Every structure is written in structure tokens, then in C-alpha cells.
Amino acid sequence: MSFSIKRFLPHLLVFIGFVIISLAYFSPVLKGKEIFQSDIMHYIGMSKQQKDFKAQTGEETYWTNSAFGGMPTYQLGAKYPHNYIKKLDLTLRFLPRPADYLFLYFIGFYILLLSLKVDFKLAALGALAFGFSTYLIIILGVGHNSKAHAIAYMPLVLSGIILTFQRKYILGFLLTTIAMGLELVANHYQMTYYLMLLVLILGIAYLIDAYKKQELPEFFKAVGILVVAVILSIGLNATNILATQEYVKQSTRGQSDLTINADGSPKAVSTGLDKDYITEYSYGKLEALNLFIPRIFGGGSHEDVGTDSEFYQFNLKRGASPLQAREIVKQTPTYWGVQPIVEAPAYVGAVILFLFVLGLFLVKGRLKWWLVGGTLLSLLLSFGKNFGILTDFFIDYVPMYNKFRAVSSIQVILELCIPVLGVFALVELFKPTADNAAKLKALKYSIGITAGLAILILLGKSTMFDFVGGNDGYYAQNYGHEFIDAIRADRASLFTKDTFRTLILVLLSGGVVFMFLKKKLSETLVIVCFAALILFDLIGVDRRYVNNDDFKSAMQVNKPFQPNAADIEILKDTTHFRVFDVTSGAARASYFHNSLNGYHAAKMGRYNELFDFYISKNNINVLNMLNTKYIIAQNEQGEYFPYENTDANGNAWFVSSVDVLENANQEIQKLDSLNTKKVAVTTSKSIKNTSNIVDETARIKAINYKPNYIKYESTNTHDGFAVFSEIYYADGWNAYIDNTLVPHERVDYVLRGLDIPAGNHIIEFKFEPAVIKKGSTIALASSVVLGILIVLGLFFGLKEKNEQNLK
């Protein structure tokens, strides 16, 4: 028993250390404050209706009417029955946000290095280097929580895979299943896809090694076990995966039925996203240097250059007071790279990159090659349109690659690989050898490459770099050339300061290794020195972008929107309608109303097209058919007011005719001048009542309106066809007439239409997605199977251990 405690005590201390460091970095959470994240602010706006519904009824709604006219909540934090892997995830994230994600970064990477048989002290060092990588901290600052969530579980998935290849089949299988299940819980399939690319490189490295060692049967046995583990992990997340797969076909990530753009030009047919959209955020080739020197390209789009800057002096000369000038320079447009906007540089760290280069010389075998391979593929793909030959190949031929945008984010793979190889440089350094000549030679090359690169950049400052940004022409035209000259001077200053900073850190790192090789420092002191250097290096940069200033009171974070005068007036209306906020294109209106606005990366595809064609242009015909009763605008004094649109069509109406068209192009173009109150358009051939008599007695009225259920009363002396101002979504919405299920059709490009017989009827629309029941059943079965396998794994594991002890 004492042996077991002694064995696990170091890991317990590391665990506690990670908790303390996570809380220390985000210390305001200890005072009850919460981090203000812009993306989460919009998420709160988008999800408020479904959360309010759950609080009021105790039921989960899988549809919301508060954004984009209506959409499923599958990508808005919907909760599913029997999602036990999610409960495990919540247990692991026991710290307050965002300290919970930082802790997951640390512990997952620590376990990865332990699975690679690294000493716990070096594993802890590597975890700090990974967890404080600037990009991983930045995404917590802006609210990319699901991305951070998925990245945090990547090392844990790799741990299970590596253990399986090490022939620890039971432990490897169970860890892979659970870790992959947690990875999928994060619900960021782009990050999971990038992980898959790294796993393929890892698999190729193991395959080549197995071939050389004539161990192919063992390799394929491990692959078979891993395939089963992944299948089971998918089963644990079946509901979310099936729902997402169903929704993606109808979202902007699916294939459009249109072959024209909003301006009438031909539209490229694609099964995924538009290529320009995919590559909009493409890293510049030279910009990759900011992995090594944080502000070589100015850092984030806007930086605080301080009172000793040229821009500060420029503003003083222009008549600003010192206080005004101080506020202005906090938002100096310092970034001069090629991307549209950058929150911060994706800085990996000068110290860990020095160790990575040292590892290139010291580390041998498959470990180095899959890490180097992952790093290179990640870097080259992050260049996007700036390295079109590779990017175009992946978009055109690699399955699913065209479903994801912001190609620069694939650098998360190199941000994982570089610290691993950096740690293994120290592993090899610490291995006792009679002759240190090879290590000294590797050190010389590493210092020459890294310090030499920094010196070369400094020497080439005036000839290699011009410090001109993409928006400088605009600034010069509007503010004058002196404005730009001051900013360029500050960009050059940031460039020089951070390059010198990197050079000093590299030389200090090289000095630590040199002192060890000369037996002036012990292994423990080397680890302490590198821990201090890495923390100083990374936290020093991280705190420029995510710090205590980003924390607000819990009330401000959880209730980010306050009603303006227009909202207050609109909320007095208790009928059912939609609101279009022309003053804000994000999710603010969704917080208070059933809105045409919203904020989400995967909107309903047809609605997004309708928005581009008409809603964004304030086309009144389309606004009417969407029952847009109020438009929030501003007057000349900047005051918000609600414009009441008295011509809105209402919740439902009978039309006198339905024009059946040949294709989606005709259908959406017809809406431009269509009198939607009297005529509907469709491509469906199943509608019976295409020509109808609509007399004065015909009416249809909504009498019960919930996010997932709407009830109408209908009266008509003739058979008729009704159009409902609700978004059509076939995979879940069912129509009932007098409790009898009946088919309904898509009309007016995005709305629902229904044949209704003469007489008085009750019409109901219920959101009853079959995918939830199917997925929940699979998730329950998978959870039961995993539970049984864990018990069996523990039984056989203990049995095997006892047998070994008896021997």
C-alpha cells in the first residue's frame, strides 16, 4: 500500500500544481468574476430562448425561433438523453471557466508524455509549454470554448493510441474510447478532423517502423482495437453526431441548390464551403516567424503601444490631451500581416522552439518523424491560399476538408507537436553517455539556427520588411501620411524589441544546456531553469492579450445585453412576430425577440441565401412573408426606435395560387417582386391545391406558440393552401390536421406550406426529431457496453498484475 502511495504521490502533486497554476493565471475567478468572451456573449443571445424554455417547463427544446427566423439547437448547446460521456466531461471540468480548460490542457498533455515514458518532471514541464502556448490562451479570451475544449482532449486521444501501439491493449483501448468520446463531446469537428490528420501521420510512422521490424501483425491488431474504440466513442456521442450530420446537409456547410449568386453571377457548385471563404484566414509565409518572435508582424490587429510610442506623440501634436492620447494608443493598428484580422500572434515560444530544434538533432526514430511530419503539414496547410498547390489539393480531393474555414487554425497541430519534441530533446540530453561531443555539436547547431535566425532578422530589418499593412492606404487617405508614419515606426519598434527578446531567451536556453553538459547544473536544476524560462516567455506574451482586465462581474457576463428603447416598446406586444435589427447584425436582438439576426458559423443554408439576396437589402416582400412586424433602427440623434411594419403577413395565411417552378434559382428570384400574401412559389410537385378560392371567411390563426410547438385554428369554406411564416425543416417538424399526421411542403424558398381541406380544423406543428430518440438509444447501449468493458478490463488487469507478483 505504501509503495502505491509513493508511486502516485508525484502525479498527485503535479495534479495539484496544475490546479493552482490554472487558478493563479485566471485569478479573478477566485473573486467570483467571469471572463468576458465576445463569442460567448453572442452564444448567450442565441441560446437564451431555449434556456428560458427549459427553466420554465423542465423540457429541452431542439428548435429555437430566436435567431435566423428559426433553426435547430443542435449547435447551440442542446442537451441529450443518456449523454453520460458529457457528464464525465463536466466532472473533469470542475474548475471555474476558463481555468477548467487550462487545466485540461495541462493534464492531457502530461498524460501524453507519461504514455511516451517520459519522467513526470519533464512531463509537467512539457504540459506548461503546451498549455501556455499563446494561441491556446487567446481562444479562451475571445470565447472559442468548443475549440479549446477539443484541443484539450487531443493529447489524451493520442495517449490511448500510443498505449495501444505499445501493446498495452486493455488500457489503450479503454483510454482511447473515453478520450475520443470526450473529444467528440467538445463538438468542434474541425479540431477533431485536424487531430485525425495527425493520427494518420502517427499511424504511417508506426506502420513503417512495424514493417522494418517485421511486426505488421501486431500493428494491424492495434489498429483493429483502435477502430473498435473509435466506433464505441462515436456511439457514446451518437445523438449529437447524428443530429449534426443531419443538420449539416441543410446548413451553409452543405451543398446549395442554387447555381447563382445574389448579384446574378454564376455560382461555383461545391459540396462544401466556398474556397475563398475557406482560405480567408490564410497565414502569410513570413508571418510564420511569429511562432518564434511574437510581434514580428505587429502582434494583434490592435495593440497598446504605450506612452513612449511615436503614435502617442503624434496624437499629442494633433491636439489630443495626454489622457485622450493614452486611450487612443490602446487601439493602435499594429498588425501588418496578410490576414483580415488577428487577435494575437500564434506564438509557440522562443524557448520551446529552441528545444524543438535541439530535438531535431538529438531525437531519432519514428517519434521524431511523426512529430516533424505533423508540424510541417500543419504549417504548410495554414498558409492556405498563400500555398495554393497544397491547399487546393486538400480542398478538392481530401474528404471533408472543404467543410471547414479559417485554415490558419490547423496550426494547433504544430502547437502540440513542437512541445513534445522539445521535451524529448531534454530526455535525450539527460541520457548518460561517455562522450558529450555529439550533444555539444547539436547544441552548437541549435544555437546557430535559432539565434542566427533572430540576428539575421535584425540585420535584415530595413531591407526584408516594410511594415506596411493592408489597411494603411485607407488610414493614409483618411488621417494623413504622418498618421501612418507614426504607426510604422511603432511597428518597427515592436519588431526590434521582440526579436531582441527572442534572441536573449534563445541564448539563455543554450546557456542552460551548455552548463549541464559541462556538469555545472544538475538535471533537476535544468528542469527548474527551463520551467522558469518557459513560464516567463509564454506568460509574458499571453498576458498582453488575456489578463485580469478581461474579467467582469458575473452579472455583466451572464446578462450581456440590456434592452434599449426599441426593445422595451416591442416587448409590450404579446403577439407572435419577428424582429429585424438593422443596427446590429449579431445576436443582440435574439436575446429579446424572435429575430432575423443571429451569430453562428453554421446557419441554415437556404435562410443564409435568402438573407444575402433580400433580407440584407431590406426587401419588404421577403420581410413581410417572414412576419417581420418590427424593424429596429436609429434616428438622426442615434436613438433606437421600433419601426412597425403593418404589412407583415402574420403567422399564416391562405394563398389563391401556388406557382410550381423548375428549380431553386427561379424560386428565389421570383421572391423579389412576389405578392407573398396571395401567391406562393415552390419546386415541390406534391401540392394539390395550386389554384384556390380565398374568400372573406377564410382565416388561419396561431393560438399557441412555443419554440417546438405551434397550434393554429383554421376556417375555410373551400379547400385551400396555407403558408406559414415559419422556417421549413423537414427532419423534425411534423404537421398535424385534427391530430392526423399530414405532409407539408417547402414554399417561398424557406417557409412551410400545407394543403388544408375545407371546414374548421386544428393544425399543429410539432418538432419531433427522430434523430434524438435514435441517437439516445445508441448512446445508452454504448455506455452500457463501455461500463461492462471497464469492469472486465479492471478484473483482467488486476488478475494479470497478481500473477506477475506471484512470479
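Scroll up a little and you will see the structure.
The rules behind the values
Position numbers for residues count from 1 along each chain, tracking the sequence in the order it is written. In view of the model being predicted, local features appear only for residues whose pLDDT reaches at least 70, and side-chain atom pairs are presented and counted only at 80 or more, with totals across whole chains, interfaces and linings using the full set of residues. To get the side-chain values, take all heavy atoms of the structure and skip hydrogens and water. A helix here means a DSSP run of H or I that spans at least four residues, while a strand means a run of E at least two residues long, and both kinds are numbered starting from the N terminus. Residue burial is assigned from relative accessible area. The probe radius is 1.4 Å, only protein chains are included, and a residue is buried under 20% of its type maximum, exposed over 50%, and partly exposed in between. The contact definition used throughout considers only heavy atoms, calling two residues in contact when any of these lie within 4.5 Å. Calculation of accessible area relied on Shrake-Rupley with a 1.4 Å probe; when residues are assessed, cover is drawn exclusively from the protein chains displayed. The charge count includes Lys and Arg as positive and Asp and Glu as negative, but it does not include His or the ends of the chains. In plain terms, the charge of a residue is placed at NZ if it is Lys, CZ if Arg, CG if Asp and CD if Glu. When DSSP locates at least two bridges between a pair of strands, those strands are taken to pair. Note on aromatic contacts: the rings of Phe and Tyr and the six-membered ring of Trp form a pair at centre separations within 6.5 Å, being stacked when their planes are under 30 degrees apart, edge-to-face when over 60 apart, and tilted otherwise. As used in this record, nonpolar core signifies buried Ala, Val, Leu, Ile, Met, Phe, Trp, Tyr and Cys residues forming a set joined through side-chain atoms within 4.5 Å. To get an axis, a line is fitted to the C-alpha atoms, and for a helix only the part in contact is used. The angle between two axes follows their N-to-C directions and goes from 0 to 180 degrees. Note that the term roughly parallel is reserved for angles under 35 degrees, roughly antiparallel for angles over 145, roughly perpendicular for angles of 65 to 115, and oblique for everything else. We call a crossing left-handed when the near helix sits turned anticlockwise from the far one by less than a right angle, and right-handed when that turn is clockwise. Asp, Glu, Lys and Arg are counted as charged, while Ala, Val, Leu, Ile, Met, Phe, Trp, Tyr, Cys and Pro are counted as nonpolar; the rest, among them Gly, fall into the polar class. A helix is expected to span 1.5 Å for every residue after the first. We define the bend at any residue as the angle between the axes fitted to the seven residues before and including it, ending there, and the seven starting there. What goes into a patch is any residue over 30% in relative accessible area without a salt bridge, connected to like charges within 9 Å or, for nonpolar side chains (Val, Leu, Ile, Met, Phe, Trp, Tyr), within 5 Å. We define a salt bridge as a contact between a side-chain nitrogen of Lys or Arg and a carboxyl oxygen of Asp or Glu at a distance within 4 Å.

Participant: Tell me what's going on with the overall build of the protein chain, and back it up with residues and numbers.
Facilitator: Scanning the protein chain from N- to C-terminus turns up 30 helices and 18 strands. Expressed as lengths along the three principal axes of its C-alpha atoms, the size of the protein chain is roughly 100 × 80 × 50 Å. A total of 807 residues make up the protein chain; the buried ones form 56% of that total. For the protein chain, restricting intrachain contacts to residue pairs at least 6 apart in sequence, the fraction spanning at least 24 positions comes to 76%. By element, 59% of the accessible surface of the protein chain is carried by carbon and sulfur atoms, the whole surface being about 35,400 Å². If the 76 positive side-chain charges of the protein chain are averaged to one point and the 69 negative ones to another, these points end up 10 Å apart.

Participant: Run through the pairing of strand S6 (residues 628-634), naming residues and quoting values.
Facilitator: Burial analysis of S6 places five of its seven residues in the buried class, the great majority of the element. Taken together, the four bridges between strand S5 (residues 578-581) and S6 define a ladder with parallel strand orientation. Counted as the bridge partner of valine 579 is tyrosine 630 from S6. In this structure, S6 lies alongside strand S7 (residues 640-644), joined through five bridges in antiparallel fashion. When the bridges of S7 are listed, isoleucine 631 appears paired with tyrosine 643. Where S6 folds back on S7, the antiparallel hairpin that results is connected by five residues, among which glycine 638 adopts a positive phi of roughly 80°.

Participant: Just give me the short version of the packing of aromatic side chains, but keep the residues and values in it.
Facilitator: A complete count under the given rule lists 52 aromatic pairs for this structure. On the basis of an interplanar angle of 50° and a centroid distance of 5.7 Å, the ring pair of tryptophan 63 and tyrosine 729 is categorised as tilted. Linking tryptophan 63 in strand S2 (residues 63-64) with tyrosine 729 in the loop between strand S13 (720-727) and strand S14 (733-737), this pair joins segments that are 666 residues apart in sequence. What makes tryptophan 63 buried here is its relative accessible area of 0%.

Participant: Go over the nonpolar core, please, and point to the residues and values.
Facilitator: Buried together is how nonpolar side chains tend to be arranged in soluble globular proteins. Counting 165 residues, the largest nonpolar core has Phe18, Tyr105 and Phe530 as its most contacted members. Discounting chain neighbours no more than four positions away, the residues touching tyrosine 105 are Phe130, Gly131, Leu136, Ile139, Leu140, Ala148, Ile151 and Ala152.

Participant: Report on the packing of helix H4 (residues 99-115) against helix H7 (residues 145-165), specifying residues and quantitative values.
Facilitator: Remark: H4 packs on H7, axes separated minimally by 8 Å, with the N-to-C direction vectors making an angle of 15°. Comparing their axes, H7 and H4 come out roughly parallel. Two packed elements cross with a definite hand, and for H4 against H7 that hand is left-handed. From H4, Tyr101, Leu104, Tyr105, Gly108, Phe109, Ile111, Leu112 and Ser115 reach across to H7, where they touch Asn145, Ala148, His149, Ile151, Ala152, Tyr153, Pro155, Leu156, Leu158, Ser159, Ile162 and Leu163. Each residue belonging to the contact of H4 with H7 can be placed in one class, and the counts come to 15 nonpolar, five polar and no charged.

Participant: Could you give an account of the sheet that holds strand S8 (residues 652-655), naming the residues involved and the relevant values?
Facilitator: Taken together, four strands build an open sheet; the order of strands is S8-S13-S17-S16 and the sheet is antiparallel. Of all the strands in the sheet, the pair left with one neighbour each is S8 and strand S16 (745-747). Each neighbouring strand pair of the sheet contributes to a mean axis angle of 40°, computed without reference to strand direction.

Participant: Tell me about the pairing of strand S17 (residues 751-756), residues and numbers included.
Facilitator: Of all six residues that make up S17, six are buried, and the element is covered over most of its length. Along S17, one buried face is formed by Leu751, Gly753 and Asp755 and the opposite face, lined by Arg752, Leu754 and Ile756, is buried too. Across three bridges, the pairing between S16 and S17 is antiparallel. What sits directly across from valine 747, in S17, is leucine 751. What sits between the antiparallel neighbours S16 and S17 is a turn of three residues, in which aspartate 748 has the positive phi angle 50°.

Participant: Can you break down helix H2 (residues 38-57) residue by residue, with the values?
Facilitator: Over its 20 residues, H2 extends 29 Å from the first C-alpha to the last, a length consistent with the 28 Å expected when each residue adds 1.5 Å. Of all the bends in H2, the greatest measures close to 50° and is centred on serine 47. Every buried residue of H2 is listed here: Asp39, Ile40, Met41, His42, Ile44, Gly45, Met46, Ser47, Gln49, Gln50 and Phe53. Trailing H2 by a residue or two, glycine 58 shows a phi angle of about 80°, which is positive.

Participant: Please give an account of the environment of leucine 780 that cites residues and values.
Facilitator: Note on placement: leucine 780 falls in helix H30 (residues 770-806). Through-space distance from the C-alpha of leucine 780 to that of isoleucine 234 is 12 Å; in sequence the pair is 546 residues apart. With sequence-adjacent residues up to four places away left out, leucine 780 is seen in contact with His82 and Tyr84.

Participant: Give me the lowdown on a nonpolar patch on the surface, citing residues and values where you can.
Facilitator: Nonpolar side chains collect at one region of the surface, where Tyr84, Ile170, Leu780, Val784, Ile788, Leu792, Phe795 and Phe796 lie side by side and expose about 710 Å² of accessible area between them. Its location among the elements puts isoleucine 170 in helix H8 (residues 169-185). Residue class for isoleucine 170 comes out partly exposed when judged on its relative accessible area of 38%.

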